[in-house]
Amino acid sequence: GKLIQSLKKLGIYDNTILVFLTDNGPQHNRYKMGLRERKSSVFGGGIRVPCLIHYPEKFKEKQVLDATIAHIDLLPSILDLCGLEKVSHKIDGKSIFSAENQDYSAFENRTLFFEWGRGYLQKYRNFAALKGNYKLVGNTGHQSRIEDFELFDVKNDPLEKHNILKENIETANNLKTEMDTW
């Protein structure tokens, strides 16, 4: 509130991009929409966070984006909002504002990777690969078989309660291969 009051007082509120988000899920048990786990986990409660972008000059009314985005999308999105040309080096993310007619299929068809570890990261320990509706979670060791992982349809099971790996082994293997390549 104090920031917004100051921006208004300075006369720059309407031409200022405000971004609100958190770094990851909560440390302690608190409201998290029923999502599984919390901070330091790659389940929904540890990685899903709110992201609000307020820019009155561009957005006259509230809009809700129906796409999975990540922190890597913030830089290209802000560059796009500012009307800046792309930078000369490669940027991993995509602008959420350049999608033609709100076609977010490019976001659905990419794979996002999540990994959490303190100190030395270990392959397949506390990692996830998310592509489209499917999320492969590994809380296993580096020599684990695919059967040791969990696979979720996050669109139909956002709380990640039902492991569907056995009936979707090919999808799980494809996500694991993408993680190995990454």
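All figures in this text were calculated on a predicted structure; none of them were measured in a lab.

*Asks:* Honestly, the overall build of the protein chain in this entry has me stumped. Any pointers?
*Replies:* Summing up its helical and strand segments, the protein chain has 5 helices and 6 strands in all. Each of the three principal axes of the protein chain carries a C-alpha extent, and together these read 60 × 35 × 35 Å. A burial count over the protein chain gives 33% of its 182 residues as buried. The centroid of the 26 positive side-chain charges in the protein chain is displaced by 8 Å from the centroid of its 24 negative side-chain charges.

*Asks:* Any chance you could explain the nonpolar core here in plain terms?
*Replies:* Soluble globular proteins tend to bury their nonpolar side chains together. Y124, F127, A129, L136, I146, F149, L151, I164, L165, A172, L175 and M179 form the largest nonpolar core, which has 12 residues in total. For this core, the secondary structure elements donating two or more residues are β4 (125-131) and α5 (169-181). For this core, the element with the most residues is α5, which contributes 3 residues. Apart from residues no more than four positions distant in its own chain, F127 is found in contact with V42, F114, E115, L136, V137, G138, F149 and M179. Among the nonpolar cores identified, the runner-up in size contains 9 residues, and V42, L112, A128 and L130 belong to it.

*Asks:* Looking at this model, I keep getting lost on the environment of F59. Mind explaining?
*Replies:* Position of F59 relative to the elements: it lies in the loop between β2 (51-54) and α3 (74-81). Note on F59: relative accessible area 17%, which makes it buried. Sequence-wise, F59 and D92 are 33 residues apart; in three dimensions their C-alpha atoms are separated by 25 Å. Setting aside residues no more than four positions away along its own chain, F59 makes contact with L81 and F97.

*Asks:* Is there a simple way to think about the side chain of T16 in this case?
*Replies:* Mapped onto the elements of the fold, T16 is located in the loop between α1 (2-10) and β1 (18-21). A residue is classified by how much of its surface remains accessible, and T16, at 17% relative accessible area, is buried. Among the polar contacts listed, one links the side chain of T16 to the backbone oxygen of I12, at a separation of 2.5 Å. Contacts of T16, omitting those with residues within four sequence positions, involve L7, H54, Y55 and P56.

*Asks:* Quick question: what am I supposed to make of the layout of surface pockets here?
*Replies:* Rolled over the atoms, a probe sized like a water molecule indicates the empty space that remains. By volume, the second largest pocket is sized at about 260 Å³. Considering only residue class, the lining of the second largest pocket consists of 6 nonpolar, 2 polar and 4 charged.

*Asks:* Any chance you could explain the packing of aromatic side chains here in plain terms?
*Replies:* The description of an aromatic ring pair rests on the distance of the ring centres and on the angle between the ring planes. Enumeration over the complete set of coordinates arrives at 3 aromatic pairs. Taken together, a centroid distance of 4.7 Å and an interplanar angle of 15° make the contact between F113 and W182 stacked. With F113 in strand β3 (residues 111-115) and W182 in the segment after α5, the pair connects residues that are 69 residues apart, well separated along the chain. Arranged with centres 6.0 Å apart and planes meeting at 80°, the rings of F127 and F149 form a pair that is edge-to-face. Of this pair, F127 sits in strand β4 while F149 sits in the loop between β5 (134-139) and β6 (150-153), and the two are 22 residues apart along the sequence. Exposure remark for F127: the relative accessible area of 1% places this residue in the buried category. Overall, the relative accessible area of 2% leaves F149 in the buried class. The ring of Y13 carries the charged tip of K8 above its face, separated from the ring centre by 4.8 Å.

*Asks:* Looking at this structure, I do not really get the pattern of salt bridges. What am I missing?
*Replies:* When charged atoms on two side chains of opposite charge get close, those side chains can pair. One pass over the structure, following the stated rule, counts 7 salt bridges. Residues R110 and D73 are paired through a salt bridge, measuring 2.5 Å at the closest nitrogen-oxygen approach. With R110 in the loop between α4 (105-108) and β3 and D73 in the loop between β2 and α3, this pair connects stretches of sequence that are 37 residues apart. The exposure class of D73 is buried, given its relative accessible area of 1%. The partner of E160 in a salt bridge is K135, and the shortest N-O contact between them spans 2.6 Å. Highlighted residues: E160 in the loop between β6 and α5 and K135 in strand β5, separated in sequence by 25 residues. Taking the relative accessible area as the measure of exposure, E160 reaches 2% and is therefore buried. Residue classification places K135 among the buried positions, given a relative accessible area of 3%. Here the salt bridges share partners, and the residues they tie into one network are R145, E147 and D148.

Definitions and cut-offs
- Positions within a chain are numbered from 1, following the residues in the order the chain's sequence is written.
- With pLDDT at 70 or above as the cut-off, local features in this predicted model cover only qualifying residues; side-chain atom pairs require 80 or more to be listed or tallied, and sums for whole chains, interfaces and linings still use all residues.
- With hydrogens and water excluded, all non-hydrogen atoms of the structure serve as input to the side-chain values.
- The secondary structure listing takes helices from DSSP runs of H or I that are at least 4 residues long and strands from runs of E that are at least 2 residues long, numbered from the N terminus.
- Burial status follows relative accessibility: with a 1.4 Å probe on protein chains alone, a residue under 20% of its type maximum counts as buried, one over 50% as exposed, and anything between as partly exposed.
- Under the counting rule used here, the positive set is Lys and Arg, the negative set is Asp and Glu, and His together with the chain ends is not counted.
- Here the site of a charge means atom NZ of a Lys, CZ of an Arg, CG of an Asp or CD of a Glu.
- Only buried residues count toward a nonpolar core, which is a set of Ala, Val, Leu, Ile, Met, Phe, Trp, Tyr and Cys residues joined through side-chain atoms within 4.5 Å.
- By definition, residues are in contact when any of their heavy atoms lie within 4.5 Å.
- For this analysis, a polar contact is any N or O atom pair within 3.5 Å, provided that within protein one partner can donate a hydrogen and the other can accept it, and provided that sequence-adjacent residues contribute only side-chain to side-chain pairs.
- Both site types are read off a 1 Å grid over the protein atoms alone. A 1.4 Å probe that fits but cannot get out defines a cavity, while an open set with protein on both sides within 12 Å along at least five of seven lines defines a pocket; lining residues have an atom within 4 Å of a point.
- Grid points are joined across faces, edges and corners, and a volume is the space filled by probe spheres set on the points.
- Charged residues are taken to be Asp, Glu, Lys and Arg, nonpolar residues to be Ala, Val, Leu, Ile, Met, Phe, Trp, Tyr, Cys and Pro, and polar residues to be all remaining types, Gly included.
- Put simply, two rings from Phe, Tyr or Trp (the six-membered ring, in Trp's case) pair if the centres are within 6.5 Å, and we call them stacked under 30 degrees between planes, edge-to-face over 60, tilted for the rest.
- In our convention, an over-ring charge means Lys NZ or Arg CZ found within 6 Å of a ring centre and within 35 degrees of that ring's normal.
- Each reported salt bridge corresponds to a side-chain nitrogen of Lys or Arg within 4 Å of a carboxyl oxygen of Asp or Glu.

Interpretation note: all reported values are geometric properties and have no functional meaning in isolation.
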